[in-house]
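Architecture at a glance
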Amino acid sequence: MTTAALLLLHAVAALAGAGLWLAAGFTAGPNADRRARSERMTVLALAAGGTIALLAAGVLTALLAGRGWWFAGEKVTVGIPFQLMGLAAGVVGLAWWIRGIRIPSARTLMLGGAWAMAAGVLATWLVGYPPQPIAAAVLLVAVLLATGLTWALVAHRGRRAIAGFAGLLAVLLVAGLGWSWLSDMAAPSIEASAAHAHGDAAPAGGVTSIPVTALRTPAGGGEVHAVEMTAARHEVTLASGDTIEAWGFGGDGVAGPELRATEGDLVEVSLENRDIDDGVTLHWHGYDVPNGEDGVAGVTQDSVAPGERFTYRFVADQPGTYWYHTHQAASEGVRRGLYGMLVVEPRGGVAESLDLALPVHRIGGEVVIGATDGSQSFDAAEGETVRLRVANTERTPIRVTVAGTPFRVAAVDGRDIEGATDVEHRSVRLGAGARADLVFTMPATGVRFETDLSEASVVVIAPAGTTVDDLPSEVSDVPELDLLSYGSGDRPDIGPFTAEGALVLDRMPRFLGGVPSYAYTVNGEVFPHIAPIEVREGDVVKITIANRGFDVHPMHVHGHHVLVLSRDGVPATGAPLWLDTVDVRPGEVWELALVADNPGIWMDHCHDLDHAAQGMMMTLAYDGITTPFEHAGAHGNRPE
Ligand SMILES: [Cu+2]
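Residues numbered from 1 in each chain as written. Predicted model: local features only at pLDDT ≥ 70, side-chain atom pairs only at ≥ 80, totals over all residues. Heavy atoms only, no water.

Details of the overall build of the protein
Assigned secondary structure in the protein consists of nine helices and 33 strands. Each of the 640 residues in the protein was classed as buried or not, and the buried ones make up 52%. A fraction of 76% describes how many contacts in the protein between residues 6 or more apart in sequence connect residues 24 or more apart. Summing over all exposed atoms, the protein offers an accessible surface of approximately 25400 Å²; the carbon and sulfur share of this is 58%. Computed over 41 positive and 72 negative side-chain charges, the separation of the two mean positions in the protein equals 17 Å. (Helix = DSSP H or I, 4+ residues; strand = E, 2+ residues; numbered from the N terminus. Buried < 20%, exposed > 50% of the residue type's maximum accessible area, 1.4 Å probe, protein only. Contact = heavy atoms within 4.5 Å. Areas by Shrake-Rupley, 256 points an atom, 1.4 Å probe, with all protein chains shown as cover. Lys, Arg positive; Asp, Glu negative; His and termini not counted. Charge placed at Lys NZ, Arg CZ, Asp CG, Glu CD.)

Here is the structure:
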């Protein structure tokens, strides 16, 4: 059974346990003398059902612990103690009630026990991972007060007792919410704590403080590849005839202009914002630039407001397929079209004769590949080689394939795959933000590039005069290629780990910018309060990501690529897989290695940008690096 299924079953069992005991407590009447046999049987049946459900929850917790402590921590340390306490109280209460003695106390114990069991469920939902003793203590006090209130009601202790317990419970609730709100208002934690403690002005203990603004690419040196980009609202007419009100970085299509540089170039991009009111930036997704060029509003720069400019500069020394997009309020900006492809061609030129960059996007209900929707055609003669550089610019995973010929996955996330072999009738899954280069030799018949988003929006490549009309669509029917066992090659020697970070992903009720939200959390917190992964230059960092939630989280690391070590405890066996976007499905645990060779404060976030906007962002922070930019503030910076 999958870990996600175990998590779901556990929630159902624990809820059923508390619910059935609560029903038993409410069904158990106050009058011992005129009690009907059927009432007794009902109460017994409910209590028995509740007990069985709790036992099942216990077994499921043990199974979850076997999948990793991430999935079971708070269930073992907080949930089970509450459930055992509740069960003990419930059983004693039930025994008294059956024997017809101490009826008010018996009913109080049954209902109080049920409150404790309910708190056991809330432990998973409110406390989460890692277990927090203070939150557990608050839950305990809440259970005791709720039990007191129950007793006051059941035993008819009068209005003052009822008001007293109800009042204390209300005070606890308000205090808990207030404390939670205050921690949301607290200072952000996006810098490494050492830098935090020393501040800009007073480097101490040998740590020199360097602002992100000093981590820029110097001008000069190399052939300058200058590009002007203007962010503006524009109207795009698609091949289908649909007209879309989009936001873009120029060009006629939905995607911005394709930026192609050659290895060795000094790329200089001058960004102007014409009329995007929320502001824009340019982030080079997957391209490991110096930190000050990374384009994250509120972390590496201020958002570029209408009428303002910002110039980015980086050396084209990492041949491969990347994309660029705004990193200011990007959940809306990217969706509306503020993105485009970035390709760095190797110095000797691209080996294939046809080379297409194909960002896959959804806008206005249409699936757009490259510039437009519908079926697009390109000519290639038999025997010619073709490279399709596919990028998923969507917020959810997609599957893509080349139907009609064997193909190989020559590169993933801008890094070549060693020993990539031909596959056929396989789909390649791309998490949000990920890229893959699909390479094939043109057969005499046509081929079709397909995505599982649309049967209508496809790219047909064929020798002049041929069609693909009789080629069946296959992307949704064929199995996924597992990149963890694809290709071959030796594990790179990256040395022993010197730092570690764990990211436990979940969804929990939290305050977010002062507003109560069902937020996306990392280690129980939301941005900007998630403690950074703190590293020093030269560290080899082991990063573990565990997904406790029921959503897919494509975790994107800025400024670095991570080497995949294992998924769900199974080591990667194929070519060394270096990713910048790791698509973590519900219940999965990924172990990754990162070499800290690019100082800065780097975003590390979910590339389902709606999840990022709802809290799932944090930083990888190098010791001694500080930022003068702030979340929100006068520039309205929104780093997602
Ligand atoms: Cu996510």
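A few points about the packing of aromatic side chains
A full pass over the atoms with the stated rule returns ten aromatic pairs. Aromatic pair Tyr287 and Phe314: ring centres 5.0 Å apart, planes at 45°, arrangement tilted. With Tyr287 in the loop between β6 (283–285) and β7 (309–315) and Phe314 in strand β7, the pair connects residues that are 27 residues apart, well separated along the chain. Comparing Tyr287 with Phe314 shows no difference in burial state: the two are buried. (Phe/Tyr/Trp six-rings, centres within 6.5 Å; stacked < 30°, edge-to-face > 60°.)

Some details on the confidence of the model for the protein
Mean pLDDT over the protein works out to 93, with 97% of the residues at or above the 70 mark. A low-confidence stretch, residues 196–205 stays under pLDDT 50, and its non-local contacts, those more than four residues away or across chains, total ten contacts. (pLDDT = per-residue confidence, 0-100.)

Description of the pairing of strand β4 (residues 259–262)
Only one face of β4 is covered, namely the one carrying Leu259 and Ala261; the face carrying Arg260 and Thr262 has none of its residues buried. The pairing of β4 with strand β9 (residues 339–345) spans four bridges and is parallel. Within β9, the residue paired with Ala261 across the bridge is Val344. (Pairing = 2+ DSSP bridges.)

Thoughts on the environment of Ala118
Within the secondary structure, Ala118 is located in helix α4 (residues 103–127). Separated by 96 residues in sequence, Ala118 and Leu22 place their C-alpha atoms 9.0 Å apart.

Points about the sheet that holds strand β29 (residues 581–584)
Across the sheet, which stays open at both edges, the five strands sit in the order β23-β32-β31-β25-β29 with mixed pairing between neighbours. Across the chains shown, the open sheet's two edge strands, defined by having one partner strand only, are β23 (533–535) and β29. The sheet shows a mean angle of 20° between the axes of neighbouring strands, taken without regard to direction. Note that β23 and strand β32 (residues 617–622) share three bridges and pair parallel. Bridge assignment links Ile533 to a residue of β32, and that residue is Leu620. (Axes fitted to C-alpha atoms, helices over the stretch in contact; angles between N-to-C directions.)

Observations concerning the coordination of the copper ion
Only His553 (ND1), Cys606 (SG) and His611 (ND1) from the protein reach the copper ion as donors, at distances of 2.0 to 2.1 Å. Summarised as a motif, the one-chain spacing of the donors to the copper ion is H-x52-C-x4-H. With His553 in strand β25 (residues 553–557) and His611 in helix α9 (residues 609–613), this residue pair connects regions lying 58 residues apart in the sequence. Its relative accessible area of 0% is what places His553 among the buried residues. (Donors = N, O, S within 2.8 Å, 3.2 Å for Na, K, Ca; no water.)

Examining the side chain of Thr619
Among the structural elements, Thr619 can be located in strand β32. For Thr619, a relative accessible area of 0% gives the class buried. Within polar-contact distance, the side chain of Thr619 engages the backbone oxygen of Ile190 at 2.8 Å. Apart from the residues lying within four places of it in its own chain, the contact partners of Thr619 are Ile190, Pro532, Ile533, Ile601, Trp602, Met603 and Asp604. (Polar contact = N/O pair within 3.5 Å; in protein donor to acceptor, adjacent residues only side chain to side chain.)

A closer look at the packing of helix α5 (residues 133–154) against helix α6 (residues 159–185)
One way to put it is that α5 packs onto α6 with a least axis distance of 8 Å and a crossing angle of 160°. Considered as vectors, α5 and α6 are oriented roughly antiparallel to each other. Here α5 runs over α6; the crossing is left-handed. Contact residues: α5 offers Ile134, Val138, Val141, Ala142, Leu145, Ala146, Gly148, Leu149, Trp151, Ala152 and Leu153, while α6 offers Ala161, Ile162, Phe165, Ala166, Leu168, Leu169, Leu172 and Trp179. (Parallel < 35°, antiparallel > 145°, perpendicular 65-115°, else oblique. Left-handed = near helix turned anticlockwise from the far one by under 90°.)

Structural notes on the pattern of salt bridges
This model, assessed by the stated rule, comprises 32 salt bridges. Taking the shortest distance from any N to any O, the salt bridge between Arg448 and Glu450 comes out at 3.0 Å. There is no split in this pair, since Arg448 and Glu450 are both buried. When salt bridges with common partners are traced through the structure, they connect Glu258, Arg260, Glu345, Glu352, Asp355, Arg387, Arg389 and Asp437 into a single cluster. (Salt bridge = Lys/Arg side-chain N within 4 Å of Asp/Glu carboxyl O.)

Examining a nonpolar patch on the surface
Residues Leu122, Trp125, Leu126 and Tyr518 make up a contiguous nonpolar surface patch of about 350 Å² in total accessible area. With three residues, α4 is the single largest residue contributor to the nonpolar patch. Mapped onto the secondary structure, Leu122 falls in helix α4. (Patch = residues over 30% accessible without salt bridge, like charges linked within 9 Å, V, L, I, M, F, W, Y side chains within 5 Å.)

Side note on the pairing of strand β15 (residues 408–412)
A large share of β15 lies buried, amounting to four of its five residues. In this structure, β15 lies alongside strand β18 (residues 435–441), joined through four bridges in antiparallel fashion. If you follow Ala411 over to β18, its bridge partner there is Asp437. Relative to strand β16 (residues 415–416), β15 runs antiparallel, the two sharing two bridges. When the bridges of β16 are listed, Val412 appears paired with Arg415. The hairpin turn running from β15 into β16, its antiparallel successor, is two residues long, and Asp413 in that turn takes a positive phi close to 50°.

Comments concerning helix α3 (residues 69–99)
Between its first and last C-alpha atoms α3 spans 42 Å; for 31 residues at 1.5 Å apiece the expected length is 45 Å, and the two agree. Helix geometry: α3 is bent most strongly at Val76, by close to 45°. Directly after α3, the chain includes Gly100, whose backbone phi takes a positive value near 75°. (Expected span 1.5 Å × (residues − 1). Bend = angle between axes of the 7 residues up to and from the residue.)

A short note on the environment of Phe550
Of note, Phe550 is situated in the loop between β24 (540–547) and β25. The residues contacting Phe550, other than those within four sequence positions of it, are Ala4, Leu7, Leu8 and Pro586.

Quick look at the nonpolar core
In this structure, Leu388, Val409, Leu438, Phe440, Phe449, Ile461 and Leu503 are the most contacted members of the largest nonpolar core, which totals 94 residues. The dominant element in this core, judged by the number of residues it contributes, is strand β10 (residues 354–363), at six residues. Setting aside residues no more than four positions away along its own chain, Phe440 makes contact with Glu384, Thr385, Val386, Leu388, Val402, Thr405, Pro406, Phe407, Val447 and Ile461. (Core = buried A, V, L, I, M, F, W, Y, C linked by side-chain atoms within 4.5 Å.)

A word on unusual backbone geometry
In this model, Tyr129 is joined to Pro130 through a cis peptide bond whose omega is -5°. Relative to the helices and strands, Pro130 is located in the loop between α4 and α5. In this chain, Phe527 is followed by Pro528 through a cis amide linkage whose omega measures 5°. Tracing the chain through its elements places Pro528 in the loop between β22 (515–522) and β23. If you check the backbone angles, Arg102 has positive phi at about 45° while not being a glycine. Assignment of secondary structure puts Arg102 in the loop between α3 and α4. A positive phi angle is found at Asp568, which is not glycine, with a value near 50°.

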